[in-house]
Number of protein chains: 2
Amino acid sequence: MTEPSLSERVLSGDPRAVARAISLVEDESPSGARLVQRIFASTGRAYLIGVTGPPGAGKSTLVDRLTAQIRAGGETVGVVAVDPTSPFSGGAILGDRVRMQAHAGDAGVFIRSMATRGHLGGLARATSEVALILDAAGKDVVLIETVGVGQDEVDIVRTADISIVTIVPGAGDEVQALKAGIMEIADIFVVNKSDREGVDRTVMSIESLLSLQAFAAGEWRPPIIKAEATTGKGVPELLEAIGRFRRHTASSLGSRRRARAEWRLRELLAQRFLQFVERDVLEPGEFDRTLERIGARELDPYTAADGILQRAIRDAKAAE
Amino acid sequence: MTEPSLSERVLSGDPRAVARAISLVEDESPSGARLVQRIFASTGRAYLIGVTGPPGAGKSTLVDRLTAQIRAGGETVGVVAVDPTSPFSGGAILGDRVRMQAHAGDAGVFIRSMATRGHLGGLARATSEVALILDAAGKDVVLIETVGVGQDEVDIVRTADISIVTIVPGAGDEVQALKAGIMEIADIFVVNKSDREGVDRTVMSIESLLSLQAFAAGEWRPPIIKAEATTGKGVPELLEAIGRFRRHTASSLGSRRRARAEWRLRELLAQRFLQFVERDVLEPGEFDRTLERIGARELDPYTAADGILQRAIRDAKAAE
């Protein structure tokens with residue numbers, strides 16, 4: 001009998017194999033790419049829930065409570081926490097240990113934090129691959145938690161099957177947070193820390209923004225759920241709303257997943273092309289010399305990029 | 001006599017030409033690219049100041065105050081405010097009008113907001129090109145203001161000549177904000193709204209994070225400046241610190257600008273390659289059919305990307 005491969009062990013749900021596989025895709029190693037190729041046919045079963053919101057909105061606690069509630073219903077859960085921790089703070093690994101304690105001994109839960117890395121959507125790509133691994137490992141639900149309200153976080157959450165936006169009542173900041181591009185991606189709003197003063201004003205400001213939007217008959221209108229993640233208040237209501245959204249959008253789930261596939265394919269094409277250019281098109285040291293010429297304003301980046309592209313594609317038709 | 005071209009009018013500092021040029025690069029039009037090619041040799045003179053921080057940190061007011069202070073010293077100022085405003089809110093244009101009023105009639109100030117757009121670093125690329133236009137138009141200082149603490153905002157601010165991180169004292173949120181990947185990019189910290197309670201605790205928490213980092217002799221240690229942007233308190237000290245940093249890093253400015261050129265070249269290469277693939281490599285409808293096959297799990301995205309790349313580069317060496 002031969003040793004089972006890493007992909008076989010991932011597919012059987014072995015947590016050590018899952019942890020190893022995640023490290024491979026985080027490192028952007030070729031073996032990580034091969035692993036995703038092997039498991040890909042076994043994905044698409046998990047329901048992906050994105051949770052985002054500004055720093056300090058209590059997302060981690062909410063995700064922990066949601067995990068416990070989903071487990072109580074008998075489904076297994078994977079958590080990807082995108083945590084752009086400073087390199088000074090010790091960060092992600094320690095955080096995972098603390099968070100895992102709440103679910104210690106429960107083989108139905110797997111939690112992994114991801115630190116900020118790279119450019120050109122590297123973090124969003126790695127996050128989406130970790131979700132694929134957890135999906136292939138048989139997790140029924142994958143929770144993707146991101147801190148921040150930037151484009152990358154929006155990209156991450158937008159590619160989930162449902163997007164939950166978490167807000168806290170506070171001195172005017174919540175309105176800023178709503179402005180910051182996340183209003184349009186919310187399928188459900190959670191006003192967390194609802195024991196704080198100003199909760200009703202926050203709910204009203206979300207309501208008034210929603211009232212500006214025309215919803216067609218039968219179209220999903222994002223509900224606003226008040227929660228206190230620390231006590232668990234509102235978490236059953238949140239899970240119930242997730243279930244309603246899931247049933248409501250069952251017929252359109254395909255188009256959302258198709259958008260995710262499109263984003264992933266474009267991202268991979270760009271990454272692969274840049275690798276090819278650096279390895280096989282440019283002479284040793286040429287990239288550096290090109291940058292020096294750009295720095296000295298002898299060459300502009302558009303002309304440089306077009307020249308490299310022409311050489312890379314050589315016999316193909318000239319790019320516009 | 002012939003009419004001067006748009007690029008000539010930008011180089012002469014004509015504000016209407018600058019506004020038109022910015023719209024072209026925002027729309028990612030080919031004429032925008034040609035314009036950047038034409039003006040590129042006349043860039044590299046402006047000093048680029050990035051200002052970031054979490055929502056509600058008072059960045060807009062701070063940038064306005066800084067603009068007035070720089071103008072008082074006789075230098076001209078361009079402002080690019082990256083404002084990922086919700087599509088519902090009217091947003092960027094209205095905001096520009098309100099903000100311009102503070103500098104009404106001052107031809108030495110040009111302010112432009114950019115809304116969130118596209119994927120694959122589209123916002124960061126457009127922002128950096130707007131900075132080039134303002135630079136070519138003769139602005140001595142370009143202020144780049146971003147809201148949020150995401151990867152994209154970090155990318156934008158990282159490519160400026162100096163990065164200012166703005167924090168407000170508040171219920172534990174400021175520590176979260178520090179964690180969120182922006183600690184490492186700060187050249188100067190501003191604790192804004194310093195009339196609020198908790199300002200000294202916030203300063204101390206930044207100090208304690210800084211104390212974990214080893215600074216070599218002669219290395220820049222980010223100062224922490226208390227400010228009240230609404231009253232202008234702390235703004236002269238901030239400008240003085242910017243001046244000190246500028247002198248301190250005068251000899252290493254080249255390497256920072258080189259990193260910016262590298263990021264821009266990679267970004268452009270990826271964008272141009274994807275355009276080429278869609279126009280000249282794939283058959284009509286093929287991209288859609290590929291996505292359908294990925295959705296049905298008949299094909300994985302890695303195999304699909306590698307297949308498209310091979311066809312695009314045909315006679316060149318096979319990509320790894």
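For the structure given in this document, a descriptive report is provided here. (Residues numbered from 1 in each chain as written. Chains lettered and ligands numbered in written order. Predicted model: local features only at pLDDT ≥ 70, side-chain atom pairs only at ≥ 80, totals over all residues. Heavy atoms only, no water.)

All names here are of chain A. The sheet built from seven strands is open, its strands ordered E3-E2-E4-E1-E5-E6-E7 with parallel pairing. Looking at strand neighbours, the two that pair on one side only are strand E3 (109-114) and strand E7 (224-226), the edges of this open sheet. Between one strand axis and the next, the sheet turns through 20 degrees on average, direction left out of account. The sheet contact formed by strand E5 (residues 162-167) and strand E6 (residues 188-191) spans four bridges and is parallel. Paired with Ile 164 across the bridge in E6 is Ile 188. (Pairing = 2+ DSSP bridges. Helix = DSSP H or I, 4+ residues; strand = E, 2+ residues; numbered from the N terminus. Axes fitted to C-alpha atoms, helices over the stretch in contact; angles between N-to-C directions.)

The subject of this paragraph is unusual backbone geometry. In this structure, Lys 193 of chain A is a non-glycine residue whose phi angle is positive, near 55 degrees. Secondary-structure assignment places Lys 193 of chain A in the loop between E6 and helix H9 (199-211).

Overall, the coordinates contain five cavities of 30 Å³ or more when judged by the stated rule. Quantified by volume, the largest cavity comes out at close to 160 Å³. The wall of the largest cavity is formed by 18 residues, among which Arg 297 of chain A together with Leu 48, Leu 132, Arg 260 and Arg 264 of chain B lie closest to the centre. For the lining of the largest cavity, the secondary structure elements donating two or more residues are helix H12 (286-295) of chain A together with helix H6 (122-136) and helix H11 (253-281) of chain B. (1 Å grid on protein atoms, 1.4 Å probe; cavity = no way out; pocket = protein on both sides within 12 Å on 5 of 7 lines; lining within 4 Å. Points joined across faces, edges and corners; volume = space filled by probe spheres on them.)

Attention shifts here to the pairing of strand E2 (residues 77-82) of chain B. Residues and elements named next belong to chain B. Judged by how many residues are buried, E2 sits mostly within the fold: six of six residues are covered. Side chains of E2 alternate between two faces, with Val 77, Val 79 and Ala 81 and Gly 78, Val 80 and Val 82 buried alike. Here E2 pairs with strand E3 (residues 109-114) via six bridges, running parallel. For Gly 78, the partnering residue across the bridge sits in E3 and is Phe 110. Sheet topology places E2 next to strand E4 (residues 141-146); six bridges connect them, and they run parallel. Each bridged residue has a counterpart across the sheet, and for Ala 81 the counterpart in E4 is Glu 145. (Buried < 20%, exposed > 50% of the residue type's maximum accessible area, 1.4 Å probe, protein only.)

Another point: the pattern of salt bridges. For side chains bearing opposite charge, pairing can occur when the charged atoms are close. For the coordinates displayed, the defined rule picks out 34 salt bridges over all chains. A salt bridge links Arg 260 of chain A to Asp 161 of chain A; the shortest N-O distance between them is 3.3 Å. Taken together, the residues Arg 260 of chain A in helix H11 (residues 253-281) and Asp 161 of chain A in the loop between helix H7 (151-158) and E5 connect sequence positions 99 residues apart. You can call Asp 161 of chain A buried: its relative accessible area is 1%. Note that Asp 306 of chain A and Arg 272 of chain B form a salt bridge whose closest N and O atoms lie 2.9 Å from each other. A residue pair is termed interchain when its members come from two chains, as with Asp 306 of chain A in helix H13 (residues 301-313) and Arg 272 of chain B in helix H11. Classification of Asp 306 of chain A as partly exposed rests on a relative accessible area of 23%. Look at the salt bridges and you will find they share partners, linking Asp 161, Arg 257 and Arg 260 of chain A into a network. (Salt bridge = Lys/Arg side-chain N within 4 Å of Asp/Glu carboxyl O.)

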